Structure formats: structure tokens, C-alpha cells
Number of protein chains: 4
Amino acid sequence: MIRVGIAGATGYTGVELIRLLVDHPEVEITALTSQQYAGQKIQNVFPSLAGRIDLACTPLSVESLSAVADVVFTALPHQSAMEVIPDLLQSGLKVVDLSADYRLRDAAVYEQWYQPHTSPELLAEAVYGLPELYREAIAEARLIANPGCYPTSAALAMAPLLKNDLVDQASLVIDSKSGTSGAGRGAKTGSLFCEVNEGFKAYGVAGHRHTPEIEQTLSQVAGREMTVSFTPHLLPVNRGILSTCYAGLKQMMTTSSLLDLYREFYAGEFFVRVGDEGILPNVNNVRGSNFCDLGLVADPRTGRCIVIAAIDNLVKGAAGQAVQNFNIQAGLDETTALKSLAGFP
Amino acid sequence: MIRVGIAGATGYTGVELIRLLVDHPEVEITALTSQQYAGQKIQNVFPSLAGRIDLACTPLSVESLSAVADVVFTALPHQSAMEVIPDLLQSGLKVVDLSADYRLRDAAVYEQWYQPHTSPELLAEAVYGLPELYREAIAEARLIANPGCYPTSAALAMAPLLKNDLVDQASLVIDSKSGTSGAGRGAKTGSLFCEVNEGFKAYGVAGHRHTPEIEQTLSQVAGREMTVSFTPHLLPVNRGILSTCYAGLKQMMTTSSLLDLYREFYAGEFFVRVGDEGILPNVNNVRGSNFCDLGLVADPRTGRCIVIAAIDNLVKGAAGQAVQNFNIQAGLDETTALKSLAGFP
Amino acid sequence: MIRVGIAGATGYTGVELIRLLVDHPEVEITALTSQQYAGQKIQNVFPSLAGRIDLACTPLSVESLSAVADVVFTALPHQSAMEVIPDLLQSGLKVVDLSADYRLRDAAVYEQWYQPHTSPELLAEAVYGLPELYREAIAEARLIANPGCYPTSAALAMAPLLKNDLVDQASLVIDSKSGTSGAGRGAKTGSLFCEVNEGFKAYGVAGHRHTPEIEQTLSQVAGREMTVSFTPHLLPVNRGILSTCYAGLKQMMTTSSLLDLYREFYAGEFFVRVGDEGILPNVNNVRGSNFCDLGLVADPRTGRCIVIAAIDNLVKGAAGQAVQNFNIQAGLDETTALKSLAGFP
Amino acid sequence: MIRVGIAGATGYTGVELIRLLVDHPEVEITALTSQQYAGQKIQNVFPSLAGRIDLACTPLSVESLSAVADVVFTALPHQSAMEVIPDLLQSGLKVVDLSADYRLRDAAVYEQWYQPHTSPELLAEAVYGLPELYREAIAEARLIANPGCYPTSAALAMAPLLKNDLVDQASLVIDSKSGTSGAGRGAKTGSLFCEVNEGFKAYGVAGHRHTPEIEQTLSQVAGREMTVSFTPHLLPVNRGILSTCYAGLKQMMTTSSLLDLYREFYAGEFFVRVGDEGILPNVNNVRGSNFCDLGLVADPRTGRCIVIAAIDNLVKGAAGQAVQNFNIQAGLDETTALKSLAGFP
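What counts and how
Residues numbered from 1 in each chain as written. Chains lettered and ligands numbered in written order. Predicted model: local features only at pLDDT ≥ 70, side-chain atom pairs only at ≥ 80, totals over all residues. Heavy atoms only, no water. Core = buried A, V, L, I, M, F, W, Y, C linked by side-chain atoms within 4.5 Å. Buried < 20%, exposed > 50% of the residue type's maximum accessible area, 1.4 Å probe, protein only. Contact = heavy atoms within 4.5 Å. Least-squares fit on C-alpha atoms with pLDDT ≥ 70 in both. Pairing = 2+ DSSP bridges. Helix = DSSP H or I, 4+ residues; strand = E, 2+ residues; numbered from the N terminus. Axes fitted to C-alpha atoms, helices over the stretch in contact; angles between N-to-C directions. pLDDT = per-residue confidence, 0-100. Phe/Tyr/Trp six-rings, centres within 6.5 Å; stacked < 30°, edge-to-face > 60°. 1 Å grid on protein atoms, 1.4 Å probe; cavity = no way out; pocket = protein on both sides within 12 Å on 5 of 7 lines; lining within 4 Å. Points joined across faces, edges and corners; volume = space filled by probe spheres on them. Nonpolar A, V, L, I, M, F, W, Y, C, P; charged D, E, K, R; others polar. Buried area = accessible area lost by both parts, 1.4 Å probe. Salt bridge = Lys/Arg side-chain N within 4 Å of Asp/Glu carboxyl O. Polar contact = N/O pair within 3.5 Å; in protein donor to acceptor, adjacent residues only side chain to side chain.

## What to know about the nonpolar core
Grouped together as the largest cluster of nonpolar side chains are 256 residues, with contacts concentrated most on Ile18 of chain A, Ile18 of chain B, Ile18 of chain C together with Ile18 of chain D. With residues near it in sequence (within four places) discarded, Ile18 of chain B still touches Ile6, Ala9, Ile29, Leu32, Ile42, Leu49 and Ile53 of chain B.

## Focus: the relation of the copies chain A and chain B
Once chain A has been moved 0.0 Å along the axis and rotated by 180 degrees, it coincides with chain B to within an RMSD of 0.0 Å. On the angle and the small slide along the axis, the relation comes out as a two-fold axis. When C-alpha distances to the rotation axis are compared across chain A, the minimum falls at Glu198 of chain A, with a value of 4.3 Å.

## So, the sheet that holds strand E7 (residues 173–179) of chain D
All names here are of chain D. Strand order in the open sheet formed by seven strands is E8-E9-E7-E10-E13-E12-E11, with mixed pairing between adjacent strands. Among the strands making up the open sheet, the edge pair consists of strand E8 (201–202) and strand E11 (272–274). As judged from the six bridges shared by E7 and strand E10 (residues 241–248), these two strands associate in the antiparallel manner. Within E10, the position partnered with Ser176 by the bridge is Ser243. Helix H7 (residues 149–163) rests against E7, strand E9 (229–235), E10, strand E12 (292–299) and strand E13 (304–311) of the sheet, and its axis sits at about 140 degrees to E13.

## Some details on the confidence of the model for chain A
Here chain A shows a mean pLDDT of 98. Residues at 70 or above account for 100%. Two summary scores accompany this predicted model of the complex, namely pTM at 0.98 and ipTM at 0.97.

## A word on the packing of aromatic side chains
Here the structure, examined in full by the defined rule, presents 44 aromatic pairs over all chains. For the pair Phe46 of chain A and Phe344 of chain B, a centre-to-centre distance of 5.9 Å together with 50 degrees between the ring planes defines the contact as tilted. Pair noted here: Phe46 of chain A is in the loop between helix H2 (42–45) and helix H3 (62–68) and Phe344 of chain B is in the segment after helix H11 (319–329), and the two residues belong to different chains. Plain terms: the ring middles of Tyr150 of chain A and Phe230 of chain A are 5.1 Å apart, the flat faces sit at 70 degrees to each other, and that makes the pair edge-to-face. Placement of the pair is Tyr150 of chain A in helix H7 (residues 149–163) and Phe230 of chain A in strand E9 (residues 229–234), with a sequence separation of 80 residues.

## Remarks on the environment of Gly190 of chain A
All names here are of chain A. Looking at the element boundaries, Gly190 is found in the loop between strand E7 (173–178) and helix H8 (193–196). The spatial distance from the C-alpha of Gly190 to the C-alpha of Pro116 is 27 Å, given a sequence separation of 74 residues. Gly190 has contacts with Glu195 and Val196, leaving out every residue within four places of it along the chain.

## Some points on empty space enclosed by the protein
Counted under the stated rule, the structure contains five cavities of 30 Å³ or more. Taken together, Asn197, Glu198 and Pro236 of chain A, Asn197 and Pro236 of chain B, Asn197 and Pro236 of chain C together with Phe193, Asn197, Glu198 and Pro236 of chain D form the lining of the largest cavity. Of the residues that constitute the lining of the largest cavity, the class distribution is five nonpolar, four polar and two charged. Along its surface, the second largest cavity is lined by Asp299, Arg301 and Ile306 of chain B together with Ala206, Gly207, Thr211, Val228, Ser229, Phe230 and Thr231 of chain C. A per-element tally of the lining of the second largest cavity places strand E9 (residues 229–235) of chain C first, with three residues. Tallied by class, residues from the lining of the second largest cavity come to four nonpolar, four polar and two charged.

## A look at the interface of chain D and chain A
At the interface, 48 residues of chain D touch 48 residues of chain A. In this assembly, chain D packs against chain A so that about 3800 Å² is buried in total across both faces, 55% of it on carbon and sulfur atoms. On the chain D side of the contact with chain A, Glu198, Phe200 and Arg301 of chain D bury the most area, a combined 19% of that side's loss. Counting the contacts that link chain D with chain A gives four salt bridges. For Arg301 of chain A, the salt bridge is made with Glu215 of chain D, and the minimal N-O distance between the two is 2.4 Å. Inspection of the region where chain D meets chain A yields 28 residue pairs in polar contact (both at pLDDT 80 or more). Of the residues contributing to the side of chain D that touches chain A, the split by class is 24 nonpolar, 13 polar and eleven charged.

This is the structure in C-alpha cells:
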């Protein structure tokens, strides 16, 4: 059994990690940290967990974690994560970090979009945890930077086109819509039920922090600098991201041939499902699961290919992908504890 | 491996059975019947299932089912179920019936609330599949009548009080609220998104067909005739039933002593979770899971005990309980394929 | 033109008062107070208001209000309201108070459910603003205590039965469900979208503060002490209350004769709509409007009458009823600015 | 009083027309036609209307309509509309048509995206009813083709940029999201609550029928042929369209200067509200109202301007704009019966 600690267990990503890991046959959860709920039983904080776990939250302490855990999932806000991760590594723990702190290769880019970085020396070591693109490096990693939710959807949607050099340089528009759990569990007016329900809006237009992360991955895959227009929106659903991606094609192709190309690119990938022609993704088909559903349409009228990706932002966009990375890192079957289907409806 | 067929696989109960059974280590799904989608791949009807099952729907045929299956789950409308179940049994199959056709002991009562019964002789044999109350009989059953969703919540909420003879005879009021999946997948105006969303209403007031089923179980447990006021309401959520039950107490007790009594009654029951004092059920803590959450408050001002039960109407209220019954019938661990927690949020 | 100030303009009740009053032909809104948003334009706080009002929020000051207003609507939390209302009255202003502070006749009851009362001498003067029951007194009032949302629904649902002495003394059960705007605009974890959406729960069971207010009105109408079981629930909709009321009848009557009795009781009342037999209320038929929809079913099996009331908690349950009271107090047509229908869907 | 008939009164657009027109001081509703509900009182079909109208639905008959009405709003499906409109005009009635049948100037384009046109001779006469662009022609029109919901949002979002020739020819991407009422009131599986709620998907990708309508208006405004990528999505809300529009700018401008340009373009337009810098539209600020909210951000990184428009698809996108057109046609104040604000929340 691998002993696992979760730092930041009482946010939406934390509770989702617990849900997935209690069903993991090789994992024992040994520590749950929480600033706000320290001392409280996790099953009283989240009654959904009752019957499967009986563990009290503790304050975050590197010493305590290293005493009981082999691996730590850090589900902390950015900046808080990098305050503790160097020490966790120092203590001999492996870390799967769900924050943004180690995702960007370039400290300067990080500092431009976030704030000063206090352990830039780890950026070179950290492996970007998108298994479908970087599986081999993940297997060797001590520190895995689990991708952001929007970037996961964008990268999986665009990788086959970019890898095959089919896209006009400056043509990319990524219009994404996320469920409200993506805004976290902080008590903010803007996240109140009555403010979100029956509403819909864009936010962070032309300035969202996931933009450089998206561009970093797309550029790596394309082998050249890619710039994208990325616009996130707030959906009145709990979970789910749908990204509608517009790519100008260097030369027109049919929907059918593009689908072939996608199926080939993702052959053998359990978690990427490419829909048949005419079947487009819906976030309710992936809710609660680790799947990424892809669909596309070529539009000869405009010379664009429209690719649509759906994931659950808390699973493939966060906790599920973290467990997938953990499995790879641990040498386990990558799909362990992750095969469950979405409950529809 | 036990070979399983699902008759009526393309309703909401059908797809939920598939979701649960693809994760069942002792089950092979061998047949899915559907009138409307015969000939189509189930994963194109429900893209949520893609990657885990690859099976086409077939028309319902007793002959075909008996050729490939050991057990059949019938997820058909009432009346349609009893048209086929006698023949399924005749062919040597075991049946878990999710319709209402074999739930009522008394054919006269059935006929008063539904329509003429065409196989009343099976009513004596059929076992009412509420494991927490009738586990032994279920283990021996050839035909299991899987309980209705509302009756499951009402029976689990009231059983401890009634078994201990604490309730005033004519005092029971059961005010239930169900998610919209309970209305089924039929294309009716009243089930349209815009009619249900941001709405809330009662329906079937003083006349809902689950009333005699509730009264049958409560009377059996109480050992005397119980009559209840039962009012269902339509909730703008996909899944979940919350039943708020009002019982006049013969003599007042404290919340704490009543909770003790409930914990004792349900000791050892994996799927019934009795909340601590002050913790009351919420449907979002059971969504997608087979748990029934119970909470209660004693009210000395009015002499009533208010008991609240929450289940997922498609799981503990239908498909999950059916699998639980199947496990018992098959001699398997009752919790097989049913231990997953709700995804919160 | 009557000059109107709104104290507490940036809660959900405040913004609803503004919405209704900008369409009022006899009203000029001259002051909007807000602690949190003082100095900000109200149309930037609530962009829904843009184009119809251009006014900055100010800190609450009795002096300022009395300089510019004839009437003040106080949409403040309980306790905050009674800190300012005596001074407002002293300054010669009329007050429609939407808080709970002056609703209960008996200071001792208030103090039992809330906290010490600092101006109990005003309780005798304050008029409970339920126009369908107390219209004459409202017309003369200087201080109107606008009813709570749940109590409005319960009183209108039960008044005809109680006035006609048809109800068994201890039989009343009122099971109410409210949209989330009833929880206010405070940034609390429990009001977050992801906590409420797809959820449903009871709260304040056997202890909600609206209980004594309900009992006060029902007792007055009945002419004897009425005790009720009242259970509120949180609905995942923005607006709307549906109260399902169970009353044991002294002697059984038909649905049809009870409906006649209700229609007679509410004859001439513009805002109370009694449905035909078979038509039951739905909150989406009253959303945004000042109507209270009533429906009922007599149940000879149990000897109960089930009465269902639907209102918009922010309109007939708060701001709309406040404007109705204001109209009466000002000698205007009671329906002024209140005739609009719900937008369905 | 102008006598008004509504053909197709029992769809979502029909009931919204009724809601708006019962508050119109110059209108008397004299006829409501409905195939499905002929003979039934409209207030029993839509209990939301009770108390304000008492009228039975009748079958559609040109003779009957011309006997009682001066103007007819046709809220019929496309193709059904053109079966009756020539006769309505022949009878001397004025028509505001909410279908797609007379929106496209070019019969060949209509036939390519819809089906054969049976009265192409009327296309030259029909006036496209977007008042902010074509007010003068509307005032003279006998037949007004009320714009589609998506095209209204796209045209108002893009007109200032195109009129000022700021946009790169082939750069337009319009990513739109619509509430479910846009799918109509037909009982289709895809519109069921459980299929839509907690879901989100694109549909009609690269093939939606509103594409040629959008391109027609944008081309007229631009004075050259404009081609757009248009992708509609289905939002789990009742009402509202948000269109996120991406335009490559011929030369970069600041957000502030672009906002000035928009404010100038829409100066004096009551129903178009241009947000201050940093304030972006949300569908919940326009719900139930006839406003179109606009916001924008210039993105120097990509050379694009992102313009966002929010309308209520049933009001400014259908019934409200129809009443606005009717007001203009009738020589009334354009805002009559249309000034109400959105109820937030």
C-alpha cells in the first residue's frame, strides 16, 4: 500500500481526490490537511464521504506528512503550494501538485502572470503531468505539475492538429466554458448560487492566467510559437469544461479524414474518446469521470476546423488526472481507480 | 461470471444499471433490449458509456434473453413488465423487476391503483426487495420486486419508529421531493427543461400510486394498518429524493435518544448512514451512490419527530438497490460494485 | 410624487424594491443606502438596473434620509432595523420595514426567538402588513411590519380554513420550500452555487424563527392558539416559495366545496389566484410577480386537506408586498406597479 | 386601441408576447391561435397568465383573424408562417413575423438553408426588424421580419466595428450560447430537463441556419461580403443568449477608444447598454427585459477585439423586439410596454 497525504483536503479538488482514492486498491490515505477545518472529521465536513473514511483534518506540517506518507497531493492555492513543496521534496516525499506553481517552464512568464517565484530552480525538474503527451517523463518524476483544467482541454483538443502542422499560425481561438466548481470553495459573492444560476458570462477576457500555460503546451507540440485567444466563461453547472476551439487550416480537409487523424493520434489512450462523425461532446457525458471527449467538424466555408473537448474540470481537469499521474509514477496500471463512467443523467 | 440481460436498457434506470454493472467483477452484460433504439449501439445512444461497453440494443425477446442470460433486470414500465416476466421465469431465468407490477401483495390493491393484473399468482412468490428489511427472503427469491423510489425512502425513514411502536396511528405525513429523472425519459411537455427548471410543484396529491406501496411496508413493519398522507413534488435536479416525514410520538423522546435507536436499528447496514445530531441529509451527498442518509429532530413543541431521508432515486431508489438485491440473490458480497461515493459537488 | 428611500439597497430585497419602484408612476427614489457599496453607483453594483436609475449608494443616515424622503423602506437585517427605525419615525418619516423586528406583537416571544428588543413600545403601533387580512389597519399605519416570506405563504394558505373553524387544533403541518435568494446575499459557503445546485435539504427543523410569526397570524385568524410543525427547505432555484400545508379537517369536505370557500374568501383580491380543481401552484408561475397562487385537494382517506401556496419570496414575500403596503398607506391603487405577470419560462 | 392577434400563442414566444402585450396601454389582444390547445383557455394552458387575460385559443383562420385584429404577430414555425402570411396581408392586416421565412433577402439563400419558398415575391417588401439598424424602414413596413435571436446579438455586437471598417475580412468567429427556451416547446428527448441540466454542448456546428442571416446583416453593415464561423451552444438556463465575438482588427485600438466608438454608435438607443470598461455582460442582467448589454476588450497580444453581447432570447431576441417593431410601425413610443428591468436574481 502506498501511503498518501492530501494537503488542502477541504476544497473541491481535495474532496474529489478523497472520493477517488478511497476506491484505489493500492492506496491508504493517511493524512488530510486543512487550515479551516483542522481538528474536524472529514466526514462531517463532507457528509458525502461518510462510511468510507474516518479521519480528522490536521494543520499542514511537512514533518507530520513525511512521517505518515510516501506521496503528497498538494491541492493548495498557487503561492501556498510553492511555500511547502520544496520542503516536502526535501523530506523524501513525492509530490503531485495541483496548483499552478510548477506548470510554467519559464520563471519570467510565471512572474508576469502570477507573482515572484520562490523556488524557480524546481521548474526544470517538474514534469508537466499531461499523460497523453508526456507519459514517459511522468513515470520518472519526483514533482509532477498537474495541468490546469482549461489547458488540459485545449491541449488534448489541439495536439493532433498541431503535431501534424495543419494549423495557420495566428488563427487559434479557444472559447471555453467551465462549471462553477472551477472557481473553488471560497465564500465569494460572485460564486453564490443566485449570482451564478440562470446566468452566464465571460471573465478574465484576454487576461486569464491559463493563457500562458495553454500557449506553452501548444507551442511545444507544434514546435513553434503559438499565440491563442482564450476566453473562459462561467457555466451554471457544478462540473465540466467544454472548449470550442477554432483553428484555421493550412489546407482544407474533410471532417472524416480529420477524425481519422484524431483516432490515430489517440489510439490506445483509454481516457480520450473521439466521437463518430456527428457526435459532439457534452459535459454531462464525462461528469465524474476521467474521460476527455473530443468531436470535430471541418468547415469548408471558412477554412476552419472546429474541435470541441469536454472534460470534468475536477477529474480529468484536476483530481482524476492527478491520480492518473500518480499511477504512472507508481508503476501501476494508469487506469486504476479511474475507470468509472459518468452517471447520466 | 453471471450473464446479465437488461430489458428496457435505454431509459434512465436502464443506463444506470449499465453504469453500475460494467464495474461489477462477477457480471457480464450480454443483452440490452430497447424498442426505440433496437439495432443501435448503446454507446451511441448514451455516449457516457463509450469505452466501457460495445453492445447493440435488440428487441425484447424471451427466447433470446434466455439464450444468453442467467438473470434479467426488467426496467420496463408497469404493465409491460408483467407481460414478459412470467415467460422469463418459465425459461429458467431469475428476474429483478424494477417496475411496480409485483410490489403489492394484494392483487385487488394493485388493480385499484393501476390496472388488471395478468399474473396475480406470482404476487405471493415475489419478494419485496428492500434488503435492510427483507434480506433473508431476497436471498431465496426467483422474482424480486425492486421497491419504488419514494417507498424506499419512506420505509427506511420510518421503520425504526414503527418497529418500536412509537408512533400515533393516524399521524403520519410524508412530504417527498424527487429529482426529475423520476419522471422517466419519455418526451413529455411537463418534463422539458424550461418547464421544470426554476420551478417547483406538487403532483399526484392524495392520489400517487406509491401510496399503497408505502402503506404496505409501513403496516408490515408496524404490525398494524398504517395510513399516510403522501405528497410527491418535482425538484429541479436530475437525481435525488428527500422525504420529510412527520410522525406524532406516543410519548416524547429526545433527538439524541431517537438517534441512538436509529443507529442500533441500522447497525451493520453499509448503505444506511445515520447522521450525528445536527447533521441532516442533503440529496447532493448521496447522488450517484447507493447510500440512504437519515437525520431526525424531535420537536417537543408539537410532539412530533421529523425524520428526513435522502437517496438517489436512480440508485438506492432503483438500479443500485436492484444490484444490491442481485448480489444477495447471487450469494455475493452485498456491496459489490456499489461502494462508490457521491461526487460532491 | 412621493419621495422614497431604501435603506439596505444592495441585498436581494433591496434591488427588487428598486426594480419595482422605478416603474411606479407616483414614486421618486431619492436615496439608496448601503454600508458595503457606499459611494458606488447602484447601476454598477447591479448592472441589471442600468438605463433606468442613476444614483450612488450612501451610508445610512437618518438625517440624510429625512431630508430627501417621505417614506423609507428598511431592507436591513433584523436588529439593524430596530437600531434606526425609531429615529426614522421620530423624524416624521413613514416606514415599511422588511425585517422581522416589528412583526411579533409580544416582545417576550421576539426575545425568545431573536434577541432583546430595543424598542418594544413600537410593537403595539406597528401594523402587520398582510393586506389581504389587515388592509384597513395598514392604511392608517406609520410603521408597517412587512411579513416574512414563509409566513405570507402559510397565512394565505390557511386563513380560509381557520376563519371558518374547519381545522383540528393540533393537526397543522407546514412543509415549505424556498428558493436560495431567501438566504440573502451574504457570502457564505452554504449559499455557494456548488453547494446548493443539484442539492436539496431541510434546515432549521423544529426551530426556524418564522414559526412564531406563522403561529401568531394563524392564531389571530382562528381565534384560538394554533401550534404548527413548520419545516423549511432550500430549493435550488433563485426565487419562489412553495408551502405544502396539511390540515386535519373537523369534518370531511370535497375538494370542490373547499375551493368554493377559498374563492369566496379571496373574492376581489387581485393578488390571490385560486386554481381550478386539478390545477396546483408552481413557483414558476409567480416568479417576479406579486401573485400568490393557491390550490388544494381534500383527501378522504386521511381526513386531511392539503393546501398548496406559491409565491415569489422576493415579491409577495418581501419587496412586492412592501410596495403593496406602501400603496395602501399612500392611498393609491393597491396594484400600482405590481400588475406584471411572471415571465414563463 | 390597436387590436392584436397572436398566431401560435402557446409556444414560448407566444406566451411571452402575451405577457408583454397585456401591459401595453394601446393594445387589446383579441385572438390567440393554437393548433394543439384550440378551445382551451389560455390561462389554463399557462397559469402564469391568470388574472390578466381571459381568452380561449382558436384554430388559425385568416378570416377570423382579419375580423378581429388590425395587426397579427405570427409566432409560428418557419414554413408554417409563409403558408398564412400572404393571406393575412391580403386581408389588410399588418404582420410582425417571428419566423425565419422573410428574413433573408435572397430566395436562393433561403432555399439552400431551409426549403422552397412559396412567396418569394414578398422578400423584397419585408423589412428586417432590427430597429437599431433599420428603424426608418420598419416604420413604413406592412410585413416585418423579426430577426432571429442569435443574429440580433451578433449584429448589435459587430455593427459598430463593421460600420467603421475596422475588421479583417475573414477573421470573424461568433461563439454563441443560448438558453433552452430557444429550442422551443416541442416535446423532444433532447430538450428534457435531465438531458439539458448540468450539461453543455455545441450543436449545428458549421451548419446552423442562423449563419446566412448573420452574414446578411453583417455584410450590409460592412458594405462588403462577410463570412463568419458561427457556433451555437445549448445553455442550461431558461433564457438568455451570450455571444462572444472575435474580430481581428485592421489596426490595434485600446479598449477605451473602442468603447467610445460603441457608445457613440448607440447614443440615444434605449435598449442597447454599453458597459463601462471592466464590466462585461451577463445574461442574468437582461433576463425578461428588452435590453442588449454589450461589453468588449481589446487584446493587443492577438490583435483581436472580443465583443460580448447578452440578450434575452425570448425578449430582444423575439417577442420584445417584435413589440418594439410593432410600436415603431404604429407610430408609438418605441419603448412602450418594454421598459421593465430584469429581475435579479
